[in-house]
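# Structural overview for review
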Amino acid sequence: MKDLNLVKGYPSTDNVWKKYYTEEALNLKVPEKTMYEYLCDCSRDYMDLVAITYFKNKITYRELFENIDSAAGQLTKLGVKQGDIVTMITSNTPETVYYIYAINMIGAISNLEYPTLNEDFIYKDIQLTQSNTVIILDVLYKKFEKILKKVKNVIVVSVSDSMKTLPRIIYNAKFKAKNDNLSSAKKSDGTAFVKAPYEKNRTAMIMHSGGTTGIPKGVELTNENINAIALQYRNSGLEYIAGETLMHSIPPFHAFGFSIGIHTPLCAGLNVIGTLKFDEEHVCKMFYKHKPNHFITGGTFSKAILRDKPESLDMSYLKTFAIGGSSVLKEDVPVLNEFLATHRSKSRLLTGYGMSEFSSAVSNERNDCHKVGSVGVPLPLVNAKVVSVEDGRELKYNEIGELCFNSPSMMKQYYKNQKATDDMTEIDSNGVKWLHTGDCGYIDEDGFIFITGRLKRIYTTMSNEALFKLFPDYVENTVREVAGVEDCAVICVKHPVRKYVPVLYYITSNSDTAELEARIKEHCLKELPEYAQPYEMYTTDSFPLTTVGKINYLELEKIHNGDE
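A brief report on the enclosed structure follows. Just so we're clear, the structure is a prediction, and the values are computed from it rather than from any experiment.

## Comments concerning the packing of helix α3 (residues 35-42) against helix α10 (residues 255-267)
- At their nearest, the axes of α3 and α10 sit 8 Å apart, and the two run at 40 degrees to each other. Judged by the angle between their axes, α3 and α10 are oblique. On α10, the residues touching Met35, Tyr38, Leu39 and Cys42 of α3 are Phe258, His263, Leu266 and Cys267.
- For the contact of α3 with α10, the per-class residue count stands at seven nonpolar, one polar and no charged.

## A word on the nonpolar core
- Grouped together as the largest cluster of nonpolar side chains are 140 residues, with contacts concentrated most on Leu64, Tyr101, Ile136, Leu266 and Ile520.
- Membership of the second largest hydrophobic core comes to 24 residues, among which are Ile273, Tyr288, Phe295 and Leu306.

## What about the packing of aromatic side chains?
- The tally for this structure, following the rule as stated, stands at 18 aromatic pairs.
- For the pair Tyr442 and Phe450, a centre-to-centre distance of 4.8 Å together with 10 degrees between the ring planes defines the contact as stacked.
- Its relative accessible area of 21% is what places Tyr442 among the partly exposed residues.
- Note on Tyr505 and Tyr538: the rings are 5.1 Å apart at their centroids and 25 degrees apart in plane angle, and the pair reads as stacked. Here Tyr505 is found in strand β26 (residues 499-507), whereas its partner Tyr538 is found in strand β27 (residues 536-539), with 33 residues between them in sequence.
- Judged by its relative accessible area of 11%, Tyr505 falls in the buried class.
- When its relative accessible area of 32% is taken as the criterion, Tyr538 is described as partly exposed.
- Three or more aromatic residues link up through ring pairs in this structure, and these residues are Phe287, Tyr288, Phe295, Tyr317 and Phe321.
- One residue, Arg457, lies across the ring of Tyr553, its end atom 3.5 Å from the ring centre.

## Considerations on unusual backbone geometry
- Phi angles above zero are rare outside glycine, and Glu239 is one such case at about 60 degrees.
- Inspection of the secondary structure puts Glu239 in the loop between α9 (223-234) and β10 (245-248).

## With respect to the pattern of salt bridges
- Tallied over the entire structure, the rule returns 24 salt bridges.
- Residue Arg457 pairs with Asp473 through a salt bridge whose shortest N-O separation is 2.9 Å. Of this pair, Arg457 sits in the loop between β22 (449-454) and β23 (459-463) while Asp473 is found in helix α15 (residues 472-479), placing the two residues 16 residues apart along the sequence.
- In this structure, Arg457 engages Glu476 in a salt bridge whose closest nitrogen and oxygen atoms are separated by 3.3 Å. Highlighted residues: Arg457 in the loop between β22 and β23 and Glu476 in helix α15, separated in sequence by 19 residues. Accessibility assignment for this pair places Arg457 and Glu476 in one class, buried.

## Concerning helix α11 (residues 280-290)
- Buried within α11 we find His282, Val283, Cys284, Met286, Phe287, Tyr288 and His290.
- The N-terminus of α11 is capped by Asp279, whose side-chain oxygen sits 3.2 Å from the backbone nitrogen of Glu281.
- Two residues or fewer after α11 comes Lys291, characterised by a positive phi angle close to 45 degrees.

## With respect to empty space enclosed by the protein
- Applying the stated criterion to the full structure yields two cavities of 30 Å³ or more.
- Taken as a whole, the second largest cavity holds about 100 Å³ of empty space.
- Every residue along the wall of the second largest cavity is listed here: Ile52, Thr53, Tyr54, Asn92, Thr93, Pro94, Val97, His248, Ile262, Val272 and Gly274.
- Of all the elements in the fold, those that place two or more residues in the lining of the second largest cavity are β1 (50-54), α5 (94-105) and β11 (271-274).
- Considering each element in turn, the lining of the second largest cavity owes the most residues, three residues, to β1.
- Of the residues contributing to the lining of the second largest cavity, the split by class is six nonpolar, five polar and no charged.

## Quick look at the pairing of β23
- Only one face of β23 is covered, namely the face carrying Tyr459, Thr461 and Ser463; the face carrying Thr460 and Met462 is uncovered.
- Looking at chain direction, β23 and strand β24 (residues 466-470) are connected through five bridges and run antiparallel. Opposite Thr461, over in β24, you have Phe468 as the bridge partner.

## Overview of α9
- Between its first and last C-alpha atoms α9 spans 17 Å; for 12 residues at 1.5 Å apiece the expected length is 16 Å, and the two agree.
- Here α9 lies mainly inside the structure; 11 of its 12 residues are buried.
- Taken residue by residue, α9 has Asn223, Glu224, Asn225, Ile226, Asn227, Ala228, Ile229, Ala230, Leu231, Gln232 and Tyr233 as its buried positions.
- Where α9 is buried, its residues touch α3, α5, β8 (203-209), β9 (217-222), α10 and β15 (360-364).

Criteria and cut-off values
Residues numbered from 1 in each chain as written. Predicted model: local features only at pLDDT ≥ 70, side-chain atom pairs only at ≥ 80, totals over all residues. Heavy atoms only, no water. Axes fitted to C-alpha atoms, helices over the stretch in contact; angles between N-to-C directions. Helix = DSSP H or I, 4+ residues; strand = E, 2+ residues; numbered from the N terminus. Parallel < 35°, antiparallel > 145°, perpendicular 65-115°, else oblique. Contact = heavy atoms within 4.5 Å. Nonpolar A, V, L, I, M, F, W, Y, C, P; charged D, E, K, R; others polar. Core = buried A, V, L, I, M, F, W, Y, C linked by side-chain atoms within 4.5 Å. Buried < 20%, exposed > 50% of the residue type's maximum accessible area, 1.4 Å probe, protein only. Phe/Tyr/Trp six-rings, centres within 6.5 Å; stacked < 30°, edge-to-face > 60°. Lys NZ or Arg CZ within 6 Å of the ring centre and 35° of its normal. Salt bridge = Lys/Arg side-chain N within 4 Å of Asp/Glu carboxyl O. Polar contact = N/O pair within 3.5 Å; in protein donor to acceptor, adjacent residues only side chain to side chain. 1 Å grid on protein atoms, 1.4 Å probe; cavity = no way out; pocket = protein on both sides within 12 Å on 5 of 7 lines; lining within 4 Å. Points joined across faces, edges and corners; volume = space filled by probe spheres on them. Pairing = 2+ DSSP bridges. Expected span 1.5 Å × (residues − 1).

Written as structure tokens, this is what we have:
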């Protein structure tokens, strides 16, 4: 570890976190390759190692590339060409991996959608991106059947496609969607395809993020963005060794799910195991069945996995136990670390911080670099600063403000949304591009980042076993569109299963509130994703106000909870 003096007193100029990295890590160059090409180069010596374990099927790197070629041939036969956007509504199956890399190989763009969004949301995005081809998981087909009939090419991938023969037959007999008009995810007939040459700063993927406004936006990520994540993680001391296993419980339509859960471990020669369902029972069962060397999850799952286990349990196989930085309470960290140590794990509880706009992470902890309550230090090629919310000036160590980062994994832009892009980014006097996170926090003298809250009202909620950001402003703006609603306010209240749910208070002069609430519900079902639907509705004559005349949400929460 190097000794660095605090020369200027500002994190972005001192870069004190560099002491945790080797010179080699600090001088990494992001490869000028497509995601597919970088994976090829990284895995040349791993062809006979297992790349993906799916149920009991072990798929080697050689088979992985054969299946990617097959998917590329099928896409080419359907007319997909360089620059086209292919929409994907899938989960953690091997076919998702094949198609993402096949799309990338031929120079097209994969647009990964949240399956929990409603039909109208998905179809609007299909129209916006002019997607002529949609790839969808069979168990999701019925939900989106109406809009899929409007799409030129639909490829149905099945949960069973990569199962071994007997379980595949059993699954297909019970569940497989049947429609003679649909293409299926099967080996191509040898249709020739052309590998698109690398082009700097070309969009490779579109992920979706609510950002700081709550309005879903497409985040354009380039090949360099995604490769920068894999490059840094492979060279930042996480001890990934080819042939080891990595299990994650993050869906692929999250940037973290693909960048950290798929691309990075595959580029490191690891055996990737992704959970197909995202509930505690399934994740715990998978964890103890596969005994992974590296595990990436959320706070809820981490506590479930370490709950009620005997002292005789041997977890010496576990080298990395990583979770999202805001997913676990500070007071739980020593308890979980004691459990890991007692059961002979080589890992501590490791946290990190990131956003879809950064292709996933910009900071993380390692077993030899951690501090309780923090979300780690910036990755080797990342710079960080904290700025004043009032005037934008850079703050010094331990001063709380808005966190901003410069990173090679920073998004290209929001898809067809220049205003939102400009609102999130800043070019400083030295020409350096920074992205404003909307998160408040500080950086200490050792370079560790601490999150203290949000600039805006943002909560997390669970829906269909997935975690989402919940934006009360977004719900309010939607409800105000309903005729008869004079004003409204949304508070988020704690829920035993869903974390937080939105509760609507509205003002109206209509005497028939039942009819109005029916119209509010109908409008919300059309315009809002499932997780943002008002959980409860109440009428009120007025709202508590602050001294400057704005709605006092804290007081409204107290009134709702009966505290006043």
